[in-house]
Amino acid sequence: MSAPAMPEKVAAVTPVKSGAFGLRHYLICLKGIIVRECLRFLHQRERFISSLVRPLVWLFIFAAGFRQVLGVSIIPPYKTYVLYEVYITPGLCGMILLFSGMQSSLSMVYDREMGNMRILLVSPFPRWYLLLSKMLAGVSVSIAQVYAFLIVAWFWGVKAPPLGYLFVLPALFLSGMMLCALGMLLSSMIKQLENFAGIMNFVIFPGYFASPALYPLWRIQEASPLLYKLCLANPFTYAVELIRFAFYGQIDWVSLGVVTGCTLLFLGGAIIAYDPSRGLITRKQGTGGNG
Amino acid sequence: MQHARTGKAGDEVVALDVAGVSHSYGPKRALNDVSFSIAPATFTVLLGLNGAGKTTLFSLISHLYDTRRGSIRIFGHDVSRASGEALRRVGIVFQARTLDLDLSVYQNLSYHASLHGIGRHEARQRIAALLGTVDMQGREHDKARSLSGGQMRRIEIARALLHRPSLLLLDEATVGLDIQSRAGILATIRKLVETEGIGVLWATHLIDEVEDGDHVVVLRQGDLVAKGKVADVVKASGAGSIRDAFSRLSRSEAAGIAETSP
C-alpha cells in the first residue's frame, strides 16, 4: 500500500549549536557516575560484605594453614624473610581488584539487560568519556574495598611500611583500570547475563591462580615450566607484582609497562566495542522491544 | 521549561527528520527505507503491531545503534555525525523500565542530570518542578522499587524532561499500565505539547491512544505504510476510522488490529 503524503511541508534548517560542554560539565558527569556507582555498592550490602570476606578468608584461613608448607625465600622487593600472610597480601589486593573489576562489568551486562545502560549511552557526552567515567567509578569502589581489607589486615598483624599504603595507591589505580577495562571489553561480548558465569570461570580463576598472587614465580617455574610461561603471559601477574613492589616504595618497571599497555589495549577495545558504528553491541543485540 | 528551538526565521523547523532509513539484524530486515519528519509542538503517533520496527527505529534515533542506511536528523543535527548535539535535544522514555530500583527517585533523576552536565543546585530545582509536572511531588526520597508501574513511568517522563529537550520520544510508554494510569500519562504528554511546544513521537500499538488532531506514522514489518494527519490517513486508506485504517494497513501481514486493552 502506498503511503499517503505528509500534508504539511516542513523545511530543513541550518542546525543551531547549543553551547559546547565545558570542563565543568564533564566533571559533573564524572561525579554523577562515580556517586551512582558508590550508592549502588552501598545499597548492596551483601556485595560489600562478600568483597571483604573473600580476601579475609584467604588471609585468615588459607595463609595461616599454608604458612608452614609454602616457604618464601628472600626475593625482591623483600629484604628479609616474610610471613606467608605478608607475601600474599598484594595478591589479595589484586584479587579484590580482579573480582571488583569483573563485578563492575557484570553490572554493565545487568544494566544492559535491564535497560539502565541505555540511560548512560544516550547521554550527549562522548561515548569514550562515558565508558572511561564508568571505569573510574568502578576503580574508585575497588580501591575503597582494598583499603578496607588492608585496615583489617593491619589489625591482624599484616603490616606494610607506613608510606607503602600511600605508594600503593597509584599501583592499585592502574591495576584496577586494567582489570575494569578487561571486564568492560568482556561485557561487550556477552549478550546475556547467564553467559557471564562462564567467562568468570575462564577469566577470574585462571587469571588468579596462574599468577604470583599465592606463590612466587620461581616456585611455579620449578614445578611446571609451562605454567610459568602461562603466568608470564598473564597480565594479572604484572598487576600483582606492581602492587607488591609499590608497597615497599619501589617500581617494577616491566610490570608498570605491561599493566599500562594492557590498560590502553583493553580500554581501546572496549571503546570500539561500545561504539554503535563499529562495535559488537550492535551486532550482538536483537530488537530491543516488541517493535 | 524552554520552548522548542525555532531555527532560522522564515523556515518551518523539522524536529525530527528520518530519511531513507533501513536497518537489519543479520539477514532479518527490521526497517526498510523509512522516511518521515515531524514538526515541533506536534504529537505524532508511531503506530505498528509487535515486530513492526518501532523499537528499532527508537534505537536508531537515540544512537544506540548506528544508522548505516539513510539519515536521522534532530533539529538539523545528524544523529550519526553529531550525536552529542542531537542527543542534547531529545528526551527518551524507553519501553523497558530503566530506573535503578535500588536508588531513590531523587538519586535516579540526579544521576540523569549529571549525564547531561547539569549541576546539583540546578538539578534540584528542576527535579522539584518536574515532579510537580508529573504529579509526583513529595516522592523524591521514595525508593524506585516502592513505586507502582504508572508512577515509575511518570518518573521516567520527568527524567526525560530534565535536560529540557525539544523532542520527546516515548516507546510503548503505557504498556502494562491500567487504564487510569495510561490516560493520566497520555494527558500529561499532550499537555506538554501544548504548553511547552515539545515535539512528541509516541510509539504504540494501542489504537485508542490516537486522537483526531494527531499525526500518525504507520509501520508494518519494517515498512512505512502511511503517514500524515489522522483524517488524511483515514481518507487515503478508504476506511471509516483510524481503527479501521490501522486494521487495513496492517492486514496483509496480521490478522487484525492490536488489542486496546493494556
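Quick caveat: nothing in here was measured; it's all calculated off a predicted structure.

What follows covers the overall build of chain B. Across its full length, chain B carries eight helices and ten strands. Against the 2.2 N^0.38 benchmark of 18 Å for 262 residues, chain B shows a C-alpha radius of gyration of 18 Å, consistent with a compact globule. Each principal axis of the C-alpha atoms in chain B carries an extent, and together these give about 55 × 40 × 40 Å. Split into buried and exposed, the 262 residues of chain B put 61% on the buried side. Surface summary for chain B: the accessible area is close to 9800 Å², and the carbon and sulfur share equals 45%.

Turning to unusual backbone geometry, a few remarks are in order. Residues and elements named next belong to chain B. In this model, D135 sits at a positive phi of 60°, which is unusual for a non-glycine residue. Given a relative accessible area of 55%, D135 falls into the exposed group. Here the phi dihedral of Q221 falls at roughly 45°; this positive angle occurs in a residue that is not glycine. Looking at where Q221 falls in the secondary structure, it is placed in the loop between β9 (215-220) and β10 (223-229). Classification of Q221 as partly exposed rests on a relative accessible area of 49%.

Right, let's talk about a nonpolar patch on the surface for a bit. Residues and elements named next belong to chain A. Where nonpolar side chains cluster on the molecular surface, the patch consists of F48, I49, V53, V57 and I61 and spans about 440 Å² of accessible area. Its location among the elements puts I61 in helix α2 (residues 45-66). The class for I61 is exposed, based on a relative accessible area of 59%.

Residue and element names in this part refer to chain B. It is the contact of helix α3 (residues 105-115) with helix α4 (residues 120-133), at a shortest axis distance of 10 Å, that shows an interaxial angle of 125°. Classified by the angle their axes make, α3 and α4 are oblique. For the pair α3 and α4, the crossing hand works out as right-handed. Every residue of α4 that contacts α3 at V105, Y106, L109, S110 and A113 is listed here: R120, A123, R124, I127 and L131. Broken down by class, the residue content of the contact of α3 with α4 amounts to seven nonpolar, one polar and two charged.

Here the focus is the UniProt feature "transmembrane region" (unreviewed entry) in chain A. All names here are of chain A. Under the UniProt annotation, "transmembrane region" (unreviewed entry) lies at residues 56-75, 87-110, 131-157, 163-186, 198-218 and 253-274. Helix makes up 100% of residues 87-110 and strand 0%. Its end C-alpha atoms lie 35 Å apart. When the span residues 131-157 is considered, its composition is 93% helix and 0% strand, and the gap between its end C-alpha atoms is 39 Å.

Residues and elements named next belong to chain B. Buried residues dominate strand β8 (residues 199-204), accounting for six of its six residues. Neither face of β8 is exposed, since G199, L201 and A203 on one face and V200, W202 and T204 on the opposite face are all buried. Inspection of the sheet shows strand β3 (residues 43-48) paired to β8 by five bridges, in the parallel sense. Bridged to L46 within β8 is A203.

A few words on helix α5 (residues 127-155) of chain A. Helical periodicity: at 3.6 residues per turn, an α-helix aligns residues three or four positions apart in one direction. Over its 29 residues, α5 of chain A extends 43 Å from the first C-alpha to the last, a length consistent with the 42 Å expected when each residue adds 1.5 Å. Downstream of α5 of chain A by one or two residues, G157 of chain A has phi in the positive range, about 100°.

Among the nonpolar cores identified, the biggest contains 116 residues, and F149 and Y208 of chain A together with L16, F36, I74, L167 and L201 of chain B are the most heavily contacted of them. Counting residues per element, this core draws most heavily on helix α6 (residues 164-189) of chain A, which supplies 14 residues. When near neighbours in sequence (up to four residues on either side) are disregarded, Y208 of chain A contacts W58, G91, L92, M95, L98, A213, L214 and F236 of chain A. Of all hydrophobic cores here, the second largest spans 52 residues; its members include L99, A144, L192 and V225 of chain B.

Let's shift gears to the environment of W58 of chain A. All names here are of chain A. Topologically, W58 is positioned in helix α2. The class of W58 is buried, set by a relative accessible area of 18%. Counting along the chain gives 30 residues from W58 to I88, while the straight-line C-alpha distance between them is 8.8 Å. Non-local contacts of W58, meaning those with residues more than four positions away in its chain, are made with A63, I88, L92, M95, Y208, F209 and L214.

Let us look at the UniProt feature "domain: ABC transporter" (unreviewed entry) in chain B. Here the UniProt feature "domain: ABC transporter" (unreviewed entry) sits at residues 16-246 of chain B. End C-alpha atoms of residues 16-246 of chain B are separated by 23 Å, and the span's content is 36% helix alongside 27% strand.

Turning our attention to the pattern of salt bridges. Scanning the model with the defined rule gives 16 salt bridges over all chains in all. In this structure, E156 of chain B engages R159 of chain B in a salt bridge whose closest nitrogen and oxygen atoms are separated by 3.9 Å. A residue pair is termed a helical-turn pair when its members lie 3 or 4 positions apart in one helix, as E156 of chain B and R159 of chain B do in helix α5 (residues 149-161) at three residues. Residue classification places R159 of chain B among the buried positions, given a relative accessible area of 3%. Shared partners join several salt bridges into a network, and the residues in it are R36 and R40 of chain A together with D100 of chain B.

Residue and element names in this part refer to chain A. Two elements in contact, α6 and helix α10 (residues 235-247), have axes separated by 7 Å at closest approach and are oriented at 165°. Considering the angle they form, α6 stands roughly antiparallel to α10. Between α6 and α10 lies a crossing of right-handed hand. Mapping the contact onto sequence places G164, Y165, F167, V168, A171, L172, L174, S175, M178 and L179 in α6 and P235, F236, A239, L242, I243, A246 and F247 in α10. A breakdown of the residues in the contact of α6 with α10 according to their chemical character gives 15 nonpolar, two polar and no charged.

Definitions and cut-offs
Here, residues in each chain are numbered from 1, in the same order as that chain's written sequence. Both sets of labels track the order of writing: A upward for chains, 1 upward for ligands. For this predicted model, a pLDDT threshold of at least 70 governs which residues receive local features, and a threshold of 80 or more governs which side-chain atom pairs are given and counted, while totals over whole chains, interfaces and linings are taken from all residues. To obtain the side-chain values, all non-hydrogen atoms of the structure were included, while hydrogens and water were left out. We count a stretch as a helix when DSSP gives it H or I for four or more residues in a row; a strand needs E for two or more, and each element gets its number in order from the N terminus. Two things to know: the radius of gyration comes from C-alpha atoms, and the globule rule equals 2.2 Å times the number of residues to the power 0.38. The buried label goes to any residue with under 20% of its type's maximum accessible area, the exposed label to any with over 50%, and the partly exposed label to all in between, with areas taken from a 1.4 Å probe on protein chains only. Surface accessibility follows the Shrake-Rupley procedure with a 1.4 Å probe radius. Residue values consider only the protein chains on display as shielding. Without a salt bridge and with relative accessible area above 30%, a residue can belong to a patch; like charges are then joined within 9 Å and nonpolar side chains (Val, Leu, Ile, Met, Phe, Trp, Tyr) within 5 Å. The salt bridge criterion pairs a side-chain nitrogen of Lys or Arg with a carboxyl oxygen of Asp or Glu, the two atoms within 4 Å. Orientation is described by axes fitted as lines to C-alpha atoms, over the contacting stretch for helices, and by angles from 0 to 180 degrees between their N-to-C directions. To sort the angles, those under 35 degrees are grouped as roughly parallel, those over 145 as roughly antiparallel, those from 65 to 115 as roughly perpendicular, and the leftovers as oblique. It is the rotation of the near helix from the far one that decides the hand of a crossing: anticlockwise by less than a right angle makes it left-handed, clockwise makes it right-handed. Any two residues having at least one pair of non-hydrogen atoms within 4.5 Å are treated as being in contact. Under the scheme applied, nonpolar residues are Ala, Val, Leu, Ile, Met, Phe, Trp, Tyr, Cys and Pro; charged residues are Asp, Glu, Lys and Arg; polar residues are all the others, including Gly. UniProt positions are given in the numbering used here, feature names are shortened, and annotations may be inferred rather than shown by experiment. Here, strands pair whenever DSSP counts at least two bridges between them. An expected span of 1.5 Å times one less than the residue number is assigned to each helix. Buried Ala, Val, Leu, Ile, Met, Phe, Trp, Tyr and Cys residues form a nonpolar core when they are joined through side-chain atoms within 4.5 Å.

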